[in-house]
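What follows is each chain in one-letter form.
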Amino acid sequence: MEAAMKNEEQARFLFGISLSDKPKWQQFLICSSGFFFGYLVNGICEEYVYNRLQFSYGWYFTFVQGFVYLFLIYLQGFTPKKMVNPWKTYVKLSAVLMGSHGLTKGSLAFLNYPAQLMFKSTKVLPVMVMGAFIPGLRRKYPVHEYVSAILLVLGLILFTLADAQTSPNFSVIGVMMVMGALIMDAFIGNLQEAIFTINPETTQMEMLFCSTVVGLPLLVPPMVLTGEVFKAWNSCSEHLYVYGVLVFEAIATFIGQVSVLSLIAIFGAATTAMVTTARKAVTLLLSYMIFTKPLTQQHRTGLLLIAMGITLKLLPLDIKPVYKRVSSSSSSSADHKTGNSSTAEIEEEKNPMV
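Residues numbered from 1 in each chain as written. Predicted model: local features only at pLDDT ≥ 70, side-chain atom pairs only at ≥ 80, totals over all residues. Heavy atoms only, no water.

Just so we agree on the cut-off: UniProt positions are given in the numbering used here, feature names are shortened, and annotations may be inferred rather than shown by experiment.
You'll find the chain entered in an unreviewed UniProt entry as UDP-galactose transporter 2, with Hibiscus trionum given as the organism. Word for word, the UniProt comment on the chain under Subcellular location (unreviewed entry) is "Membrane". The chain has a UniProt comment under Sequence similarities (unreviewed entry) that states "Belongs to the nucleotide-sugar transporter family. UDP-galactose:UMP antiporter (TC 2.A.7.11) subfamily."

Structure below.
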């Protein structure tokens, strides 16, 4: 039992900060903050490189940033000797992960960044559905969580339709690419949660290291076959500062990646998908403010539906424990009869995200 406790603690450190000795809300706040910071910076960098410089080399950029990841992981003190899972565990995960990265970045050549973010934000629904079919999870969610996810998706679709009317960077090819990435993301989150669940000793650094090492060679064929590696090399050679932007983006994304893996390990894939959705909404608004794009009434309506969906998802977490405690305190005779069982139920309700 003590060994199991140690294993759990090992998987709950974030850049030297111990998460296991903190309450759930603090764990959630620390992980979410790292995630928000990393991907807000990532979003600004991608908007600049893809839309301002018109560089749409998704495979090549992912390849370059993969080596930055490996260097940062090495600085964190991780080595292959510390692995607790076999390499084959990460082969399928890495293939899907790299495919998702490539399609996501490549879709920016056909979609503007806010439209892409809105499509990607819908992944909360397929994540919830796919969780029921992943071995080791078999998760089932209450009806109100599906309703909140549907509201979220409707808001995203409404926004995308409005964005298509005001942006020239919108095409069927881009939609197909980002939808493929969306399905892959749904599989990735649940599979990562399953790995953390089945083997609690798995660390975030191991997950990221193995996924990157296995995934990097998978990027070579599409880069060569499409000729992207040669075009990207020539373009970036003429604008060497782009590599500086890519390294800076990779460092920020690394912080976000490790933080989101911590969220998945502690709170699960569906809750993490909600957090990523909130981040995408914030990134979207920043994109419009920084790059001065028009925000129509239809955009605002879509964002309102998104807010309603997120609120519906979070509302029971705040209200349910209060109702539980009130009803319990008002019926002392029932509590006296149920004894420890009622006490245990109240304690469980205090931490609904466990």
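## A short note on helix H9 (residues 204–225)
Going by this rule: By the criteria applied, helices consist of DSSP H or I runs no shorter than four residues and strands consist of E runs no shorter than two, each listed in order from the N terminus. Here, expected helix span is obtained from the residue count minus one, scaled by 1.5 Å. We define the bend at each residue as the angle formed by axes fitted to the 7 residues ending at it and the 7 residues starting at it.
Between its first and last C-alpha, H9 extends 33 Å over 22 residues, near the 32 Å set by a 1.5 Å rise per residue. The principal kink in H9, of about 30°, is found at leucine 216, preceding the proline proline 217 by one to four residues. At the C-terminal side of H9, glycine 227 shows a positive phi close to 75°.

## Quick notes on the confidence of the model for the chain
We apply this condition: Residue-level confidence of the predictor, termed pLDDT, takes values from 0 up to 100. What makes two residues a contact is simply this: any of their non-hydrogen atoms within 4.5 Å.
Scored by pLDDT, the chain has a mean of 74; 74% of the residues are at 70 or more. A low-confidence stretch, residues 1–11 (pLDDT under 50), is modelled with seven contacts involving residues beyond four sequence positions or located in other chains. Within the model, pLDDT remains below 50 along residues 316–354, and this stretch shows 18 contacts once partners closer than five positions in the same chain are excluded.

## Digging into a nonpolar patch on the surface
Applicable threshold: What goes into a patch is any residue over 30% in relative accessible area without a salt bridge, connected to like charges within 9 Å or, for nonpolar side chains (Val, Leu, Ile, Met, Phe, Trp, Tyr), within 5 Å. In short, Shrake-Rupley with a 1.4 Å probe defines the accessible areas, and a residue's cover is counted only from the protein chains shown. Only one rule defines a salt bridge in this text: a Lys or Arg side-chain nitrogen within 4 Å of an Asp or Glu carboxyl oxygen.
On the surface, Ile44, Met289 and Ile290 cluster together to form a nonpolar patch covering roughly 290 Å² of accessible area. Structurally, the position occupied by isoleucine 290 is in helix H12 (residues 269–290).

## Some thoughts on the UniProt feature "transmembrane region" (unreviewed entry) in the chain
In the numbering used here, UniProt assigns the feature "transmembrane region" (unreviewed entry) to residues 25–45, 57–77, 146–164, 170–191, 203–220 and 240–270. Along residues 203–220 the backbone is 94% helical and 0% strand, and the end-to-end C-alpha distance reaches 27 Å. The straight-line gap between the two end C-alpha atoms of residues 240–270 is 40 Å; of that span, 94% is helix and 0% is strand.

## Observations concerning the packing of aromatic side chains
Let me state the cut-off plainly: Centres within 6.5 Å are what make two rings of Phe, Tyr or Trp a pair, Trp counting through its six-membered ring; a difference in plane orientation under 30 degrees is then read as stacked, over 60 as edge-to-face, and the rest as tilted. Categorising residues by exposure relies on relative accessible area from a 1.4 Å probe, with only protein chains included: less than 20% of the type maximum marks a residue as buried, more than 50% marks it as exposed, and the intermediate range marks it as partly exposed.
The tally for this structure, following the rule as stated, stands at nine aromatic pairs. When the ring of tyrosine 60 is compared with that of phenylalanine 61, the centres are 6.3 Å apart and the planes differ by 55°; the resulting orientation is tilted. Across this residue pair, the class does not change: tyrosine 60 and phenylalanine 61 are buried. With centroids separated by 6.2 Å and ring planes inclined at 55°, the aromatic side chains of tryptophan 87 and phenylalanine 209 adopt a geometry described as tilted. Of the two residues, tryptophan 87 sits in the loop between helix H3 (58–75) and helix H4 (88–106) while phenylalanine 209 sits in helix H9, which places them 122 residues apart along the sequence. Counting every residue linked through ring pairs, the aromatic cluster contains Phe15, Tyr69 and Phe254.

## Some details on the packing of H3 against helix H10 (residues 228–238)
Stated formally: Helix axes use the C-alpha atoms of the stretch in contact, all axes being lines fitted to C-alpha atoms, and the angles between their N-to-C directions lie in the range 0 to 180 degrees. Any angle between 65 and 115 degrees counts as roughly perpendicular, while under 35 counts as roughly parallel, over 145 as roughly antiparallel, and the rest as oblique. Classification convention: Asp, Glu, Lys, Arg as charged; Ala, Val, Leu, Ile, Met, Phe, Trp, Tyr, Cys, Pro as nonpolar; all other residues, Gly among them, as polar.
At a minimum axis distance of 8 Å, the contact between H3 and H10 shows a crossing angle of 70°. Looking at the two axes, H3 sits roughly perpendicular to H10. Note on element contacts: H10 touches H3 through Glu228, Val229, Ala232, Trp233 and Cys236, opposite Gly58, Trp59, Tyr60 and Phe61. The residue inventory of the contact of H3 with H10, partitioned by class, reads seven nonpolar, one polar and one charged.

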